[in-house]
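Each chain is listed here by its residues.
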There are 2 protein chains.
Amino acid sequence: MTIKLGLLGFGTVASGIPFLLEENGEKITAAAKRQIEIAKVLVKDDEEKNRLLAAGHDYHFVTSIDEIVSDDSIDIVVELMGRIEPAKTFITKALEAGKHVVSANKDLIASHGKELISLAQEKQLAFYYEAAVAGGIPILRTLANSLTSDKITRILGVLNGTSNFMLTKMVDEGWSYEDALKTAQELGYAESDPTNDVEGIDAAYKAVILSQFGFGMTICLEDVTHKGISTISTDDVAVAQQLGYVIKLIVSIEETPSGLFAEVSPSFVPKSHPLASVNGVMNAVFVESIGIGQSMYYGPGAGQKPTATSVVADIVRIARRLNDATVGKAFNEFTRETTIADLSDVKSRYYFAIETPDKKGQLLRLAEIFNAENISFEQVLQHKANGETARVVIVTHEMSKTALANVTAKLADVVEFKVLNSFKVLGE
Amino acid sequence: MTIKLGLLGFGTVASGIPFLLEENGEKITAAAKRQIEIAKVLVKDDEEKNRLLAAGHDYHFVTSIDEIVSDDSIDIVVELMGRIEPAKTFITKALEAGKHVVSANKDLIASHGKELISLAQEKQLAFYYEAAVAGGIPILRTLANSLTSDKITRILGVLNGTSNFMLTKMVDEGWSYEDALKTAQELGYAESDPTNDVEGIDAAYKAVILSQFGFGMTICLEDVTHKGISTISTDDVAVAQQLGYVIKLIVSIEETPSGLFAEVSPSFVPKSHPLASVNGVMNAVFVESIGIGQSMYYGPGAGQKPTATSVVADIVRIARRLNDATVGKAFNEFTRETTIADLSDVKSRYYFAIETPDKKGQLLRLAEIFNAENISFEQVLQHKANGETARVVIVTHEMSKTALANVTAKLADVVEFKVLNSFKVLGE
Ligand SMILES: NC(=O)c1ccc[n+]([C@@H]2O[C@H](COP(=O)([O-])OP(=O)(O)OC[C@H]3O[C@@H](n4cnc5c(N)ncnc54)[C@H](OP(=O)(O)O)[C@@H]3O)[C@@H](O)[C@H]2O)c1
Ligand SMILES: NC(=O)c1ccc[n+]([C@@H]2O[C@H](COP(=O)([O-])OP(=O)(O)OC[C@H]3O[C@@H](n4cnc5c(N)ncnc54)[C@H](OP(=O)(O)O)[C@@H]3O)[C@@H](O)[C@H]2O)c1
């Protein structure tokens, strides 16, 4: 029996689905053990419908969600509209009407996933969203299926293609943040309002979803500290280079003795680390665990075909579970009580770039401030003394987030010291 | 109800299983929805049994396979002895006795997998072997589950840790093949007879298994051309470096219009390619496909804990399928008719290092020989002319394996030209 799909939206990702169903139909049908067919496509209005028909798209376009949710022949609703509303209402209606749902909507799932997941569970329906994290990388299913035997201790990710493209240009070509942003916008990688991408918000959504699959914990978006790339200067990039690092916007989720800690922050990544060579719009998820040790999953984080491939993988999975009569299972079955880490348990090395008056004794005073918080230095560089100001670069040994907050506050109290930037420094 | 395991062998990998069951028991039990217990362990003889007991290993050791296969309480037999026999006989006995089987035995599966897989299918039993390819990388399950929606066009892999460790030393430190081998042996990465690793035979086993999961085709070991790393000279390494490449032992499986082609060969990999930074004993599988485009799966290819993690993932998967009553499914359900590529369809760029007498007109003669086979040059370097001999390095444009065979034969006919080496050259 054919599996019938109702697509919500026919934008970039949705219009990649027919490509796969045509070009890879044989394999998909064999895997699903059924034909898969796009039965109806929801678009906004008649104008859009006529435009698409005129462009040669031969689908049954509808303009009301009810035409999809009340259609008993439709098995799976595929939401690819984006944004919170009306996507949330439409998915809810679909689940209430007994339809399985596939979505790629990270914003929605990170902020309202819990409700939708419970509704799906209650109704014994599938609600899958592999494409929501790292578009083309099958990371969620890998965490849910293959890494069940392993205990994950930390996940590091390059999960925002736009900011990684920009940072790659800043690192490889010495571009400024502004130039990189302008080019990203010209190439269509960045939106006219790039906030979500460059400030780490998009990556924070993904951190929320990864936390569930990797650690069984459901954290809120507010629990994910995020800092973006807009403050990174060409000096920071050059110092990183000099010390053997590249700067990347890194999602980091780790389990500490007191609980989970998740953040998005520009970080110094050692050049020899596998994440250091993840360039341009590519994404990667680096997993640290007690069994495998270190593994990495690399691929395109977005794009029509890669994202549609993950969406179709979800559809095939639902088809297989329908055949097996196991379709009520949650996408992620790993759940534990959620506990958030005490900041004193969250440790890392840090880089500080500090501007000081160019006079004797300043380094000693800095050393005293750090020492008072029990922070010791791994490397110190004095840069660009120009008779008036000097620039001191410090890489610390491991220190806690609490110590970071304390030392940052202390430094802010000293008028003469201006912290230009501080970033996390990853180990090998 | 507890899942009871019968382990065959208690060597490196097998003795990693208790670590995971203890350190990650909670997650494993939650995923499997059952306790998992090592019920019996087969060892060679009483001497070994007594040695292990004295060393504090508190298991029910047995010395006859019959004590395991005739034990009705045992659900899963985990074969971790290695070699073809008696592993093959023991697995067959286990399947015939209605036990599910997990194995990490690439040699056995590559050479006799077909029979064992059919027997398991016939008996509706699970026969899983995630650990057989790239130890800690969950590549087989990813190909079978997540990449069902995608059509794979080529798989490239760094799949032999020993040779990759050696090549990393040769490339990064300028070591000779002999020095690298000696160190690999001292560190326990290479066996006293390193043939399987350095001649690409171990990697060829993995190519056979990957072909099934990636392309649905069951090829024989004899269908995998293999060439090892023992002929790579420090000159080759230096030239690669100079041209922007690193040399790696690459497994390559690609689908051409006429069928599948699989080979293991030392290859020039562009430094910007993700496989170029897979160093030391790490492995990686790089997948090219019509949907995702390019993705890579990176991790340890061997080692006690990583390999045991894959074995336990298989065990958990069987437990879940037992719960779902879907356990009869094949590990890989993707099968098509197997067709082997015509060599004229298999194309690549190639590097040639050729020794010629150091006199005028030699390059012209070389160009004529290549031209006669319709092979054009991308780069030519003349090296180390010493008055007697010169060394000419050529990187060709794309050419077929047929052209490669022809030009190699023609060059062999010219006494003055000595082909020192020729390697495949991968694209970006
Ligand atoms: N693009 C990627 O590479 C990528 C990667 C990973 C995840 N995703 C996620 O995938 C989803 C879709 O992304 P996309 O890039 O395909 O977006 P898109 O190109 O903007 O497509 C969304 C489509 O949905 C339509 N739509 C919006 N509201 C609608 C409504 N009420 N009724 C009917 N149609 C409506 C839009 O029409 P209008 O244009 O008229 O508004 C548009 O055609 C998003 O959740 C996104 O976050 C995308
Ligand atoms: N080690 C890795 O990192 C790795 C990675 C991927 C896959 N694998 C695969 O995993 C399997 C196990 O590898 P391993 O490294 O654990 O090998 P290993 O350390 O040599 O362990 C094999 C064990 O099986 C025992 N054994 C052999 N024949 C036996 C028999 N007839 N009855 C009972 N016990 C017997 C051996 O005993 P004796 O020592 O007395 O012969 C040895 O203790 C192999 O198929 C290997 O290819 C290993």
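Conventions we followed
- Residues numbered from 1 in each chain as written.
- Chains lettered and ligands numbered in written order.
- Predicted model: local features only at pLDDT ≥ 70, side-chain atom pairs only at ≥ 80, totals over all residues.
- Heavy atoms only, no water.
- Near = heavy atom within 4 Å.
- Polar contact = N/O pair within 3.5 Å; in protein donor to acceptor, adjacent residues only side chain to side chain.
- Areas by Shrake-Rupley, 256 points an atom, 1.4 Å probe, with all protein chains shown as cover.
- Nonpolar A, V, L, I, M, F, W, Y, C, P; charged D, E, K, R; others polar.
- Helix = DSSP H or I, 4+ residues; strand = E, 2+ residues; numbered from the N terminus.
- Buried < 20%, exposed > 50% of the residue type's maximum accessible area, 1.4 Å probe, protein only.
- Contact = heavy atoms within 4.5 Å.
- Least-squares fit on C-alpha atoms with pLDDT ≥ 70 in both.
- Buried area = accessible area lost by both parts, 1.4 Å probe.
- Salt bridge = Lys/Arg side-chain N within 4 Å of Asp/Glu carboxyl O.
- Pairing = 2+ DSSP bridges.
- UniProt positions renumbered as here; feature names shortened; annotations may be inferred.
- Arc of directions from axis to C-beta.
- Axes fitted to C-alpha atoms, helices over the stretch in contact; angles between N-to-C directions.
- Parallel < 35°, antiparallel > 145°, perpendicular 65-115°, else oblique.
- Left-handed = near helix turned anticlockwise from the far one by under 90°.
- Patch = residues over 30% accessible without salt bridge, like charges linked within 9 Å, V, L, I, M, F, W, Y side chains within 5 Å.
- Domains from an automatic or database assignment.

Another aspect to go through is the site of ligand 2. Residue and element names in this part refer to chain B. Around ligand 2 lies a shell of 19 residues, among which Thr-12, Val-13, Lys-44, Ala-302 and Gly-303 are the nearest. Within the backbone of Val-13, one N or O atom sits 2.8 Å away from an oxygen atom of ligand 2. For ligand 2, the accessible surface in isolation is 880 Å², of which the surrounding protein chains cover 72%. For the shell around ligand 2, a count of residues per class yields ten nonpolar, seven polar and two charged.

Here the focus is the side chain of Thr-326 of chain A. Turning to its location among the elements, Thr-326 of chain A is positioned in the loop between helix H13 (304–324) and strand S13 (347–357). Taking relative accessible area as the criterion, Thr-326 of chain A reaches 10% and is therefore assigned buried. The residues contacting Thr-326 of chain A, other than those within four sequence positions of it, are Arg-321 of chain A together with Asp-324 and Thr-326 of chain B.

This part takes up the relation of the copies chain A and chain B. Put simply, the two copies of the chain differ by a rotation about an axis and a shift along that axis. Aligned on chain B, chain A shows an RMSD of 0.0 Å; the corresponding rotation is 180° and the shift along the axis is 0.0 Å. Viewed as a symmetry operation, the transformation between the two copies matches a two-fold axis. Considering only C-alpha atoms, the part of chain A nearest the rotation axis is Tyr-297 of chain A, at 2.4 Å. By residue overlap, the copies meet face to face through one surface: 100% of the interface positions of chain A are interface positions in chain B.

Chain A puts 47 residues into the contact, and the matching count from chain B is 47 residues. Carbon and sulfur atoms supply 53% of the area that chain A and chain B bury against each other, a total of about 4,200 Å² over both sides. Inspection of the region where chain A meets chain B yields six salt bridges. With a closest N to O distance of 2.8 Å, Asp-324 of chain A and Lys-329 of chain B form a salt bridge. Where chain A packs against chain B, one counts 25 residue pairs in polar contact (both at pLDDT 80 or more). Elements represented by at least two residues in the side of chain A that touches chain B include exactly helix H1 (17–23), helix H2 (25–32), helix H7 (139–145), strand S12 (294–300) and H13 of chain A. At nine residues, the largest contribution of residues to the side of chain A that touches chain B is made by H13 of chain A. Partitioning the side of chain A that touches chain B into residue classes produces 20 nonpolar, 15 polar and twelve charged.

With that settled, the discussion passes to the pairing of strand S9 (residues 245–256) of chain B. Residues and elements named next belong to chain B. The buried fraction of S9 is high, at eleven of twelve residues. Bridge analysis of strand S7 (residues 152–158) against S9 gives four bridges, and the strand direction is antiparallel. Of the residues in S9, the one forming a bridge with Arg-154 is Glu-254. In terms of strand pairing, S9 meets strand S10 (residues 259–270) through twelve bridges, oriented antiparallel. Bridge assignment links Ile-247 to a residue of S10, and that residue is Phe-268. What sits between the antiparallel neighbours S9 and S10 is a turn of two residues.

All names here are of chain A. Mapped onto this numbering, the UniProt entry gives "binding site: L-homoserine" (unreviewed entry) at Glu-191. Here Glu-191 shows up in the loop between helix H9 (177–186) and helix H10 (195–198). When its relative accessible area of 57% is taken as the criterion, Glu-191 is described as exposed.

Another point: the site of ligand 1. All names here are of chain A. The local shell around ligand 1 holds 19 residues, among which Thr-12, Val-13, Lys-44, Ala-302 and Gly-303 are the closest. Take Val-13: an N or O atom from its main chain is 2.8 Å from an oxygen atom of ligand 1. Gly-303 is positioned with one of its backbone polar atoms (N or O) 2.7 Å from an oxygen atom of ligand 1. Contact with the protein chains hides 72% of the accessible area of ligand 1, taken as 890 Å² for the molecule alone.

Next up on the list: H9 of chain A. Residue and element names in this part refer to chain A. Buried within H9 are the following residues: Tyr-177, Ala-180, Leu-181, Thr-183 and Ala-184. On an axial view of H9, the arc spanned by its buried residues comes to 165°, and they lie on one face. Turned more than 90 degrees from where H9 packs its buried face, Glu-178, Lys-182 and Glu-186 sit exposed. Check the buried side of H9 and you find it contacts helix H8 (161–173) and H10. Phi turns positive, to about 80°, at Gly-188, one or two residues after H9.

Quick look at the packing of helix H5 (residues 87–96) of chain A against helix H6 (residues 106–122) of chain A now. Residue and element names in this part refer to chain A. Interaxial distance between H5 and H6 falls to 10 Å at its minimum, and their mutual angle equals 15°. Relative to H6, H5 is oriented roughly parallel. H5 and H6 meet at a crossing whose hand is right-handed. Residues Ala-87, Lys-88, Ile-91, Thr-92, Leu-95 and Glu-96 of H5 form the contact with H6, whose own contacting residues are Leu-108, His-112, Glu-115, Leu-116, Leu-119 and Ala-120. When the residues that make up the contact of H5 with H6 are grouped by side-chain class, the tally is seven nonpolar, two polar and three charged.

Residues and elements named next belong to chain B. Its place among the elements puts Val-407 in helix H15 (residues 401–413). Residue Val-407 is classed as buried on the basis of its relative accessible area of 0%. For the pair Val-407 and Thr-183, spaced 224 residues apart in sequence, the C-alpha to C-alpha distance is 37 Å.

Moving on, we come to a nonpolar patch on the surface. There is a patch of nonpolar side chains on the surface, built from Leu-187, Tyr-189 and Val-281 of chain A and spanning about 250 Å² of accessible area. Structurally, the position occupied by Val-281 of chain A is in the loop between strand S10 (259–270) and strand S11 (282–289).

Here we take up the domain arrangement of chain A. Residue and element names in this part refer to chain A. Domain annotation of chain A identifies domain 1 (2–136 + 304–324), domain 2 (139–300) and domain 3 (347–425). Look at where the C-alpha atoms of domain 1 and domain 2 centre, and you get two points 28 Å apart. Taken residue by residue, the interface counts 17 residues in domain 1 and 15 residues in domain 2. Here domain 1 and domain 2 share an interface that buries about 1,500 Å² over both sides, 66% of which is from carbon and sulfur atoms. On the domain 1 side of the interface with domain 2, the three residues burying the most area are Ala-110, Glu-130 and Val-133, jointly 38% of the side's total. Joining domain 1 to domain 2, the criterion identifies two salt bridges. Among the salt bridges present, the one from Arg-141 reaches Asp-314, with a minimum N-O distance of 2.8 Å. For the interface between domain 1 and domain 2, the tally reads five residue pairs in polar contact (both at pLDDT 80 or more). Looking at the side of domain 1 that touches domain 2, the elements that each hand over two or more residues are H6 and H13. Split into classes, the residues belonging to the side of domain 1 that touches domain 2 amount to nine nonpolar, two polar and six charged.

We now examine the sheet that holds strand S3 (residues 61–62) of chain B. Residue and element names in this part refer to chain B. If you walk across this open sheet you meet the six strands as S3-S2-S1-S4-S5-S6, and the pairing is parallel. The open sheet terminates on both sides in strands that have one partner only, identified here as S3 and strand S6 (127–128). By the bridge criterion, two bridges tie strand S5 (residues 100–103) to S6 in an arrangement that is parallel. Looking at the pairing, Val-102 lines up with Tyr-128 of S6. The strands touched by helix H13 (residues 304–324) within the sheet are strand S1 (3–8), strand S2 (36–42), strand S4 (76–79), S5 and S6, with S5 carrying the most contacts at an inclination of about 160°.

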